[in-house]
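Descriptive structure summary
Chain by chain, the residues run as shown.
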Amino acid sequence: MKKAITIATLLLIMLTSCDNYLDMQPLDIPTTPEEIFSKKQTAMKYVARIYSFMPKPTQTSAGNDATGEPWVPGSDEADNGFNHQINKINNNSWNTSNIPYDKWANLYKGIRECTYFMQYIHLCDDITEEERNFYYNEARCLRAYCYWQLMRLYGPVVLVPTDWDVTDPNADYLRTYPSRNTWEECVQFVCDELDAVAPNLKTVMPAAEMGRLTPGAALAIKSQVLLYSASQLMNPKGKSMFEGWKSVKDGKDLIPTTYDANKWKLAADAAKAVIDYQLAGSGNAYELTVVRESDGTINPYKSLYDAFAEKYNKETILARTISDQAWFQRLLSTNINNNCWGGINPSQRLVDAYAMDNGVYPITGYRDATKVGDYDGVTAGIECTNGGEFPIKDPRVCKDVNSADNNDYYFEVLNDYPVNDKLAGYFNKYEHPFDGTVDKDRSIAKMYRNREPRFYIDIAYNALYYPYGVPSGNGKLKELLPNISNSNYVEMNFTYSGKIRCTATGYCQRKYTTRDINPKLGTAAGWCQPMVYPIIRLNEIYLNYVEALIEIGDLSNPDIWTYWNKIRERAGLPDIEEVYPEVTTSQGEARKYLRHERMVELALEGNRYFDCRRWQVCHITNIDCWGMNVYSTTGFPMGRPRNASQASSGTWSFYKRIYSVYGSPSQRVWEDKNYLWPINMTELNKNRNIEQAPGW
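Thresholds applied
Residues take numbers from 1 onward in each chain, read along the sequence in its written order. Reporting in this predicted model follows two pLDDT cut-offs: at least 70 for local features of residues, and 80 or more for side-chain atom pairs to be given and counted; totals over whole chains, interfaces and linings ignore these cut-offs and use all residues. Derived side-chain values reflect all non-hydrogen atoms in the structure, with water molecules and hydrogen atoms excluded from consideration. To qualify as a helix, a DSSP run of H or I must reach at least 4 residues; to qualify as a strand, a run of E must reach at least 2; elements of each kind are numbered from the N terminus. For every residue, the accessible area obtained with a 1.4 Å probe (protein chains only) is divided by the maximum for its type, and the residue is called buried under 20%, exposed over 50%, and partly exposed between those limits. Using the Shrake-Rupley algorithm and a 1.4 Å probe, accessible areas are obtained, with residue cover drawn only from the displayed protein chains. What we call a nonpolar core is a set of buried Ala, Val, Leu, Ile, Met, Phe, Trp, Tyr and Cys residues that are connected through their side-chain atoms within 4.5 Å. Only heavy atoms matter for contacts: two residues are in contact if any of them lie within 4.5 Å across the pair. Centres within 6.5 Å are what make two rings of Phe, Tyr or Trp a pair, Trp counting through its six-membered ring; a difference in plane orientation under 30 degrees is then read as stacked, over 60 as edge-to-face, and the rest as tilted. Any pair of N or O atoms that falls within 3.5 Å is considered a polar contact. Within protein, one atom must be able to donate a hydrogen and the other to accept it, and sequence-neighbouring residues count only if both atoms are side-chain atoms. Expected helix span is computed as 1.5 Å times (number of residues minus one). Here a cavity means grid points, on a 1 Å grid over the protein atoms only, where a 1.4 Å probe fits yet cannot get out; a pocket means an open set of points with protein on both sides within 12 Å along at least five of seven lines; lining residues are those with an atom within 4 Å of a point. Grid points are joined across faces, edges and corners, and a volume is the space filled by probe spheres set on the points. Charged means Asp, Glu, Lys or Arg here, nonpolar means Ala, Val, Leu, Ile, Met, Phe, Trp, Tyr, Cys or Pro, and polar covers whatever is left, Gly included. What makes two strands pair is DSSP finding at least two bridges between them. The predictor rates its confidence in each residue with pLDDT, a number between 0 and 100. By definition, a salt bridge exists where a carboxyl oxygen of Asp or Glu is found within 4 Å of a side-chain nitrogen of Lys or Arg. Note on method: axes are straight lines fitted to C-alpha atoms, helices fitted across the in-contact stretch only, with angles between N-to-C directions ranging 0 to 180 degrees. Here the word oblique covers every angle except those under 35 degrees (roughly parallel), over 145 (roughly antiparallel) and from 65 to 115 (roughly perpendicular). Working rule for handedness: look at the near helix, and if it is turned counterclockwise from the far one by less than a right angle, call the crossing left-handed; if clockwise, right-handed.

**Quick word on the overall build of the protein chain**
Each helix and strand counted, the protein chain has 21 helices and 20 strands in total. Within the protein chain, the fraction of its 696 residues that count as buried is 62%. A total accessible area of about 24900 Å² is found for the protein chain, and carbon and sulfur atoms account for 48% of it.

**Quick look at the nonpolar core**
Membership of the largest hydrophobic core comes to 139 residues, with the highest contact counts inside it found for W104, Y108 and W677. Looking at this core element by element, the count peaks at 14 residues for helix α5 (residues 129–154). Residues within four places of Y108 in sequence aside, it is in contact with Y147, L150, V157, V158, V160 and L174. Judged by nonpolar contacts, the second largest core, of 49 residues, contains F308, L331, Y456 and V630.

**Observations regarding the packing of aromatic side chains**
In the structure shown here, the tally under the stated rule is 42 aromatic pairs. Pairing W94 with W677 gives two aromatic rings, centres 5.3 Å apart and planes at 75°, and the pair type is edge-to-face. Highlighted residues: W94 in the loop between α3 (86–90) and α4 (104–120) and W677 in the loop between β20 (658–659) and α21 (681–686), separated in sequence by 583 residues. Taking relative accessible area as the criterion, W94 reaches 4% and is therefore assigned buried. Judged by relative accessible area, which is 1%, W677 ranks as buried. Seen from their ring centres, Y609 and F610 are 5.0 Å apart, and the 70° between their planes marks the pair as edge-to-face. Each of the two residues, Y609 as well as F610, counts as buried.

**A short note on the side chain of R212**
By the element assignment, R212 lies in the loop between α6 (183–197) and α7 (215–230). Of note is the side chain of R212, whose polar atom sits 2.5 Å from the side chain of E138.

**Some words on helix α15 (residues 558–570)**
Its 13 residues place the ends of α15 18 Å apart at the C-alpha level, agreeing with the 18 Å of an ideal helix rising 1.5 Å per residue. Every buried residue of α15 is accounted for by I560, W561, Y563, W564, N565, I567, R568 and R570. Two residues or fewer after α15 comes G572, characterised by a positive phi angle close to 80°.

**Quick word on unusual backbone geometry**
Negative phi values dominate among residues other than glycine, just as trans dominates among peptide bonds. With a phi close to 55°, Y101 is a non-glycine residue in the positive phi region. Inspection of the secondary structure puts Y101 in the loop between α3 and α4. Exposure remark for Y101: the relative accessible area of 0% places this residue in the buried category. With a phi close to 65°, L604 is a non-glycine residue in the positive phi region. On the secondary structure map, L604 appears in the loop between α17 (587–601) and α18 (607–615). With a relative accessible area of 1%, L604 lands in the buried category.

**Observations concerning empty space enclosed by the protein**
The full count for this structure, using the stated rule, is eight cavities of 30 Å³ or more. Along the walls of the largest cavity sit 24 residues, with R152, Q224, G606, N607 and F610 positioned nearest its centre. Among the elements that make up the lining of the largest cavity, the one with the highest residue count is α18 (four residues). Within the lining of the largest cavity, the residues separate by chemical class into 12 nonpolar, five polar and seven charged. Here the second largest cavity is characterised by a volume of approximately 120 Å³. When the residues that make up the lining of the second largest cavity are grouped by side-chain class, the tally is eight nonpolar, two polar and three charged.

**Topic: α7**
Along its 16 residues, α7 runs 23 Å from first to last C-alpha, staying within 8% of the 22 Å computed at 1.5 Å per residue. Within α7, 16 of the 16 residues are buried, which leaves it mostly tucked inside the rest of the structure.

**Here we look at the pairing of strand β18 (residues 531–537)**
Of all seven residues in β18, seven are buried, a share of seventy percent or more. By the bridge criterion, six bridges tie strand β6 (residues 316–322) to β18 in an arrangement that is antiparallel. Each bridged residue has a counterpart across the sheet, and for T321 the counterpart in β18 is V532.

**As for the confidence of the model for the protein chain**
Residues at a pLDDT of 70 or more form 76% of the protein chain, whose mean pLDDT is 80. Confidence over residues 470–486 falls short of pLDDT 50; this stretch has 32 contacts with residues more than four positions distant or in other chains.

**Some words on the pattern of salt bridges**
Within this structure, the stated rule accounts for 38 salt bridges. For E193, the salt bridge goes to R140, with nearest N and O atoms at 2.9 Å. With a gap of 53 residues between them, E193 in helix α6 and R140 in helix α5 connect regions that are remote in the sequence.

**Focus on the environment of S303**
Counting through the fold element by element, S303 comes out in helix α9 (residues 300–309). S303 gets classed as buried once you look at its relative accessible area, which sits at 0%. Along the backbone, S303 and T289 are 14 residues apart, and their C-alpha atoms lie at a distance of 5.8 Å. Setting aside its immediate chain neighbours within four residues, S303 contacts T289, V290, V291, I298 and R570.

**Some remarks on the layout of surface pockets**
Put simply, the second largest pocket is a space of about 360 Å³. T203, M210, T214, Y286 and T316 are the residues nearest the centre of the second largest pocket, which is lined by 17 residues in total. Looking at the lining of the second largest pocket, the element that brings in the most residues is β6, giving four residues. Looking at the lining of the second largest pocket residue by residue, the class counts come to 10 nonpolar, five polar and two charged.

**Observations regarding the environment of N607**
With respect to the helices, strands and loops of the structure, N607 is situated in helix α18. N607 gets classed as buried once you look at its relative accessible area, which sits at 13%. Each C-alpha atom of the pair N607 and I536 lies 9.7 Å from the other, and the pair is 71 residues apart in sequence. Setting aside anything within four residues of it in sequence, one finds N607 in contact with E540, R598 and L602. Side chain to side chain, N607 and E540 meet in a polar contact 3.4 Å long.

**Quick look at the environment of E605**
Position of E605 among the secondary structure elements: in the loop between α17 and α18. Separated by 93 residues in sequence, E605 and Y512 have C-alpha atoms that sit 9.7 Å apart. Those residues within four positions of E605 in sequence are excluded, and the remaining contacts are V72, E77, F308, K511, Y512, Y533, P534 and R537. There is a polar contact of 2.8 Å between the side chain of E605 and the side chain of K511. Separated by 2.4 Å, the side chains of E605 and R537 make a polar contact.

**Some remarks on the packing of helix α2 (residues 40–51) against α4**
Axis separation between α2 and α4 bottoms out at 9 Å; the angle between their running directions is 155°. Taken as axis vectors, α2 and α4 run roughly antiparallel relative to one another. Our pair here, α2 against α4, has a crossing hand that is left-handed. Judged by residue contacts, A43, Y46, V47, R49 and I50 of α2 engage K109, E113, C114, Y116 and F117 from α4. Per-class residue counts for the contact of α2 with α4 are seven nonpolar, no polar and three charged.

Laid out in structure tokens, this is it:
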């Protein structure tokens, strides 16, 4: 008997705008499995349907939709310039009836769709057995990935039986299941699925199919799963915050309450499997993007830029191609174009995290400006105090490290100027190390000088001139797209000035904005230049591997320094043990600086949100968000004191650390229950056997 299933009202399915194979309209008519899978054409439209449940990273600051990806402004690396739903999570005003970006039902829908495809692809007669096997395993891999997306938010979830009859529209397994599966059961199932499908996926995709899952992508997802499972939240040293949370079915602990050191070995092995993965006759499948000069030296700026601008390079393991005007509008300052929103805003803490060009991290911790005494936090803001954020500087990058002046925001360079001359916190005629532009006598804070290359590729700061045009091949801008003024640059001058849309921190995200986009054109063609948004890159896998080896505790393992320093060498920095020799003898120091490296290397990619959760440090990192004073109303040049008197007052200056617009104490509130997302009451009302997350 044929069982009808209605396939209606879908999101526009676009893995990429230029990937013709996946750029298909979904089915929109009632049909039967036999009708769907009778021809390859309709079966492939269903492939597009199941790919719609892949992450959509460009929805970083989207509203309440389940497809939103709010991870960047939901962590301490950024805030958002809009009053979006992520603020409900940041200020802890959400509840089980009002869950922004609620993904539980949507991802289970994805699991259902993948299972449906797997159950009926065998009906398709006009494809080969080899193709049928590939498509089956592709859907199976996507299903495992849907589970992983659930697990990193909700912890242990419900594993739907693989033989569940999904053709019956009235069959809802979630209404009848007896309880959540344990975390261990979920990890085992997902990893077993990924291991099973990896040998059966295509190793190399033609250009029109880029973005589809490959064996390397399956192994990389497994690396993420096992790293998360080995980390403190799910593998506690000491008392578990989930102690007493048990299955209503059999009384098992839903999350482990005792430490298992072997999990770090499993995580290390999983990461190394990706690193060592080879293509037949082609060597390693993945390599860091590295651009070398004629003398063989690495050009770190071009290397870091090309890691994103060069589509589907060998560093990219899993990605989506985007050509979304709204995405770029969220990144760029309102000063560039009236249609720019400037809504994804790096925090001052992230800006502080980038090293100087000698590899030294300028900030070693933060002093609570409202209390007596200092607080030595972990480098780069892994720890800081409530009530104020006055940075404690490394003496290798400044002079007066004991200054109590809260306006002493800049990094002072030795023998450069008198410490008591506040006007000397600025400099003129700054040449951007990547763009090669002279800043036309405008003043820029010394905080932005002599920083590492990743800073200049990732961060747009006050008074920066941002170039739009086509590189001529040598990294210099000589050829320009039409309708750009003779200056060749658009100034990013961040002030509030009564604007509705404006950066909340005084910074905008420059990472991902390639030189090909040109909002000055005022047309979709100016914005919508396809670029690849990476979901998993090789650099993340390197860092996964190094972290696991550090936690295993054998600091004599040379792989720690080999793979860590591959990342630093590409970034133009000295080896980590050269700058911080203590990392070779202290597991705690190695852990601290590895976490710092992840914050910078993976900045603004969505990893930080989940890193802080698995490390169980959100009670420290997610309590506030700082930036520059975007309410400043000073004249030309913005934020620079005009005289010593103005410099000493510091009440209105742009260059003053204040809480960001949506990051004030009343806007960032953390409770430990937020380590796991709650399940919506609508779902709980279907079946009271479900175990709600602790604290909710």
